[in-house]
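# Per-entry structural report
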Amino acid sequence: MLDTGNLLRKMTLTSLFTAITTLTSSFVYIPVGFAKVFPIQHVTNVMTAVMLGPLFAVTQAFLVSLIRNMTGTGSIFAFPGSMIGALLAAFLYQKTKRMGHACLGEIVGTGILGSIACYPIALLLLGKKAALFGFLPAFLLSSLTGALLGFISLKVLLKNHYMKGFFYENGTNNRRI
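Residues numbered from 1 in each chain as written. Predicted model: local features only at pLDDT ≥ 70, side-chain atom pairs only at ≥ 80, totals over all residues. Heavy atoms only, no water.

## Focus: the overall build of the chain
- On a plain count of helices and strands, the chain comes out with seven helices and four strands.
- Buried positions account for 41% of the 177 residues belonging to the chain.
- Of the contacts made within the chain by residues no fewer than 6 positions apart, 67% connect residues no fewer than 24 positions apart. (Helix = DSSP H or I, 4+ residues; strand = E, 2+ residues; numbered from the N terminus. Buried < 20%, exposed > 50% of the residue type's maximum accessible area, 1.4 Å probe, protein only. Contact = heavy atoms within 4.5 Å.)

Below you can see the structure in the form of structure tokens.
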């Protein structure tokens, strides 16, 4: 039987994460040479993957990328990279129930697989030097920073019992960090 209350809660959280990420990720970035690092999308990828699962993580990454690209504040590179990272983070978390593995999934998915998937486009649009020394390090640094911030955020929320409905079942903490 479909639990519509839980589905509605997950859809609401996905919408909330999408809105917050869309509004903040264009303005909160770390300049690295001539590249920019946007860790907020990666924080949200990890949090959505851990809290809501693969379907909602990919939906959130897709919506943020789509909205940011439509408003001109996004990057075509973020679209496939974020979706790969969100999916891998959610998949690893579901298999192991460890937030550290979700963060590793975000780093590998976005930082490595996403950058490999987007590198030919970056090479074509940016040129060899910018793609190699701007695009690749920015993707790796952004996913690493976002995954670490996501891990810290989730750990704090878990420690302070703010996420009781997501992590605590039957009064026991059966999920590991």
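What follows continues from the structure just given.
## Some words on the nonpolar core
- Counting 23 residues, the largest nonpolar core has Val-46, Val-50, Met-51, Leu-52, Met-99 and Leu-154 as its most contacted members.
- Elements supplying a minimum of two residues to this core: helix 1 (4–25), helix 2 (39–52), helix 3 (54–71), helix 4 (78–96), helix 5 (99–126) and helix 6 (128–159).
- Considering each element in turn, this core owes the most residues, seven residues, to helix 2.
- Ala-122, Ala-131, Leu-136 and Phe-139 belong to the second-largest nonpolar core, a separate cluster that totals seven residues. (Core = buried A, V, L, I, M, F, W, Y, C linked by side-chain atoms within 4.5 Å.)

## A closer look at the packing of helix 2 against helix 5
- At a minimum axis separation of 10 Å, helix 2 and helix 5 run at an interaxial angle of 135 degrees. When the axis of helix 2 is compared with that of helix 5, the two are oblique. Where helix 2 crosses over helix 5, the handedness of that crossing is right-handed. Where helix 2 approaches helix 5, its residues His-42, Asn-45, Val-46 and Val-50 are matched on the opposing element by Met-99, Ala-102, Cys-103, Glu-106 and Thr-110.
- The residue makeup of the contact of helix 2 with helix 5, split by class, is five nonpolar, three polar and one charged. (Axes fitted to C-alpha atoms, helices over the stretch in contact; angles between N-to-C directions. Parallel < 35°, antiparallel > 145°, perpendicular 65-115°, else oblique. Left-handed = near helix turned anticlockwise from the far one by under 90°. Nonpolar A, V, L, I, M, F, W, Y, C, P; charged D, E, K, R; others polar.)

## Some points on the environment of Asn-45
- Note on placement: Asn-45 falls in helix 2.
- Here Asn-45 falls in the buried class, since its relative accessible area comes to 0%.
- Between the C-alpha atoms of Asn-45 and Leu-87, which are 42 residues apart in sequence, the distance is 8.5 Å.
- Beyond its immediate sequence surroundings of up to four residues, Asn-45 is in contact with Gln-60, Ala-61, Ser-82, Ala-86, Glu-106 and Thr-110.
- At 3.2 Å, the side chain of Asn-45 and the side chain of Glu-106 are in polar contact. (Polar contact = N/O pair within 3.5 Å; in protein donor to acceptor, adjacent residues only side chain to side chain.)

## Some remarks on helix 2
- When the terminal C-alpha atoms of helix 2 are compared, their 20 Å separation across 14 residues agrees well with the 20 Å that a helix rising 1.5 Å per residue should span.
- For helix 2, a buried count of 13 out of 14 residues is recorded, marking the element as mostly surrounded by other parts of the structure.
- One or two positions beyond helix 2, positive phi appears at Gly-53, with a value near 100 degrees. (Expected span 1.5 Å × (residues − 1).)

## Looking at the side chain of Ser-143
- If you trace the backbone, Ser-143 turns up in helix 6.
- In this structure Ser-143 comes out as buried when scored by relative accessible area, which is 0%.
- Polar side-chain contacts of Ser-143 include one of 3.4 Å to the backbone nitrogen of Gly-111.
- Within the structure, the side chain of Ser-143 is placed 3.1 Å from the backbone oxygen of Leu-140, a separation counted as a polar contact.
- If we ignore the near neighbours within four places in the chain, the residues touching Ser-143 are His-42, Glu-106, Ile-107, Thr-110 and Gly-111.

## Looking at the packing of helix 3 against helix 4
- Direction vectors running N to C along helix 3 and helix 4 enclose 165 degrees, while the axes themselves pass 8 Å from each other. As far as their axial angle goes, helix 4 and helix 3 are roughly antiparallel. The handedness of the crossing between helix 3 and helix 4 comes out as right-handed. Across from Pro-54, Ala-57, Val-58, Ala-61, Phe-62, Ser-65 and Asn-69 in helix 3, the residues of helix 4 making contact are Ala-78, Phe-79, Ser-82, Met-83, Ala-86, Leu-87, Ala-90 and Gln-94.

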